[in-house]
Amino acid sequence: MIAFSKPTRGAEQQRLLFDRYTEFGFAGLQLKGNQYGDYLDDPVSGASQFRTDWGTEPGHVSSLITMNPLDAEGKQRLRAIIAFASAVGSQRVVLCHDVPREGLEDSDLIRFAGELSDLAEESAGQNVVLSLHHHTGEPVMHRRDFEVFFGAVRDNTLRLTVDTGHLLKSGVTDISGLLTDFAAVIDNIHLKDYEDGEFRLLGQGSVELTSVLDTIAKLDPGTTLCVDEESRAEILEGLQVSRDFLGQHLPQG
C-alpha cells in the first residue's frame, strides 16, 4: 500500500483530504491525532460515529498516528486508540513515544522496549499492529538507540515505522543502511524530505530519497509506504507533488 498523511486544520480541510487523496493514487490515509481524537471516549460507538461523519471507506483509517508517553494516562489513551482502531478497521497504530531523549540511559530504553512489547501483544489480540515511530528528541533517536531498543523488544511484537525526515533531522545519514539492518521489524515507512530545520515537499530537501526508495523496494512487500507530508504546502499541492515524485522515482517492475 502507498498511503498519505498530512495535518489538517478543521473539518473543511479534513473533508478535502478524505475526498481527494484517492484521485492522486494513494490507497489510504494515516491519520494524525486530531483527525480522529474526538471519537475516543467510547471507542466502539466512536467508530460508528466516525463512519457516519466521514464515510466507511477502509482507506480513510489505514493507520492511526498518536503521540503518547507511557505513564498511566498515556497507556490508557493508547489502549483507547487501539480499541478504536480495532473497531473502525485500522491496520495499525503508529506511536510517537512522547518522552524527552535527554538524560535517558540504555536501561531506560530497555525498560521502554519491555513495556511496548507488552502493549504490542495486547494490540495484536485486537488485530491491530503497534508500530513505534521514532522522532527527533524522543527515546529512539540516534542510530545506536535503535540497536539498544530493538535488541530488547520481544520477537514478533512491536514493529517499526521509519521516518526518513526525522532520521536526517536526528543526524542519521545512512538511511538505507538503517532500513536494511532493521528490515525484520519494519512494517511502515514515512517518506519525508528535510532541509535547514524544516520538513519539505518530496524532492525539495536533502534526504537521498532515490536511494531510499531503491532500498524500500527490497523490503518485505507487505511494508506500507506512506508519504508523511508535513511541509508548509497546502493539501492539494502536497498530494500533487508527492504523486509526481513517486511516479518519477519509484523503481519500476
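For clarity, every value in this text was computed on a predicted model and none was experimentally measured. (Residues numbered from 1 in each chain as written. Predicted model: local features only at pLDDT ≥ 70, side-chain atom pairs only at ≥ 80, totals over all residues. Heavy atoms only, no water.)

1. Comments concerning the sheet that holds strand E1 (residues 2-5)
Adjacent strands of a sheet pair through backbone hydrogen bonds, lying either parallel or antiparallel. Strands sit in the order E1-E2-E3-E4-E5-E6-E7-E10 around a closed barrel of 8 strands; the barrel is parallel. The mean inter-strand angle of the sheet, taken between neighbouring strand axes irrespective of direction, is 25°. Sheet topology note: the strand E4 (residues 92-97)/strand E5 (residues 129-133) ladder contains 5 bridges and is parallel. Residue pairing across strands places Val93 opposite Leu130, the latter belonging to E5. Strands in contact with helix H3 (residues 72-88) are strand E3 (63-68), E4 and E5; relative to E3, the strand with the most contacts, it is inclined by about 175°. (Pairing = 2+ DSSP bridges. Helix = DSSP H or I, 4+ residues; strand = E, 2+ residues; numbered from the N terminus. Axes fitted to C-alpha atoms, helices over the stretch in contact; angles between N-to-C directions. Contact = heavy atoms within 4.5 Å.)

2. Points about the side chain of Asp145
Position of Asp145 among the secondary structure elements: in helix H5 (residues 143-152). Among the polar contacts made by the side chain of Asp145, one reaches the main-chain amide nitrogen of His142 at a distance of 2.8 Å. Once residues lying within four places of it in the same chain are set aside, the contact partners of Asp145 are Arg101, Leu109, Pro139 and Val140. (Polar contact = N/O pair within 3.5 Å; in protein donor to acceptor, adjacent residues only side chain to side chain.)

3. Concerning the nonpolar core
Generally speaking, nonpolar side chains in soluble globular proteins are found buried as a group. Among the nonpolar cores identified, the biggest contains 69 residues, and Phe50 and Phe149 are the most heavily contacted of them. If near-sequence neighbours (up to four positions away) are discounted, Phe50 is found in contact with Phe18, Leu31, Gln35, Tyr36, Tyr39, Gly55, Val61, Phe84 and Val88. (Core = buried A, V, L, I, M, F, W, Y, C linked by side-chain atoms within 4.5 Å. Buried < 20%, exposed > 50% of the residue type's maximum accessible area, 1.4 Å probe, protein only.)

4. Digging into the pattern of salt bridges
This structure, assessed with the given rule, holds 22 salt bridges. In this structure, Lys192 engages Asp163 in a salt bridge whose closest nitrogen and oxygen atoms are separated by 2.8 Å. Pair noted here: Lys192 is in the loop between strand E7 (186-191) and strand E8 (193-195) and Asp163 is in strand E6 (residues 159-163), with a separation of 29 residues, a long-range link. Accessibility classification places Lys192 together with Asp163 in one group, the buried group. Three or more residues joined by partner-sharing salt bridges are found here, namely Lys32, Asp163, Lys192, Asp228 and Glu230. (Salt bridge = Lys/Arg side-chain N within 4 Å of Asp/Glu carboxyl O.)

5. What to know about the pairing of strand E2 (residues 28-31)
Alternating residues of E2 divide into Gly28 and Gln30 and Leu29 and Leu31, and every residue in both groups is buried. Pairing of E1 with E2 involves 2 bridges; the strand directions are parallel. Its bridge partner lying in E2, Phe4 is registered against Leu29. The β-α-β motif built from E1, the intervening helix H1 (residues 10-20) and the parallel element E2 has right-handed crossover chirality. (Right-handed = clockwise from strand over helix to strand, strands pointing away.)

6. Side note on unusual backbone geometry
Despite not being glycine, Asn127 has its phi angle at roughly 65°, a positive value. Mapped onto the elements of the fold, Asn127 is located in the loop between helix H4 (106-124) and E5. One non-glycine residue, Asn156, lies in positive phi territory at about 60°. When its relative accessible area of 80% is taken as the criterion, Asn156 is described as exposed.

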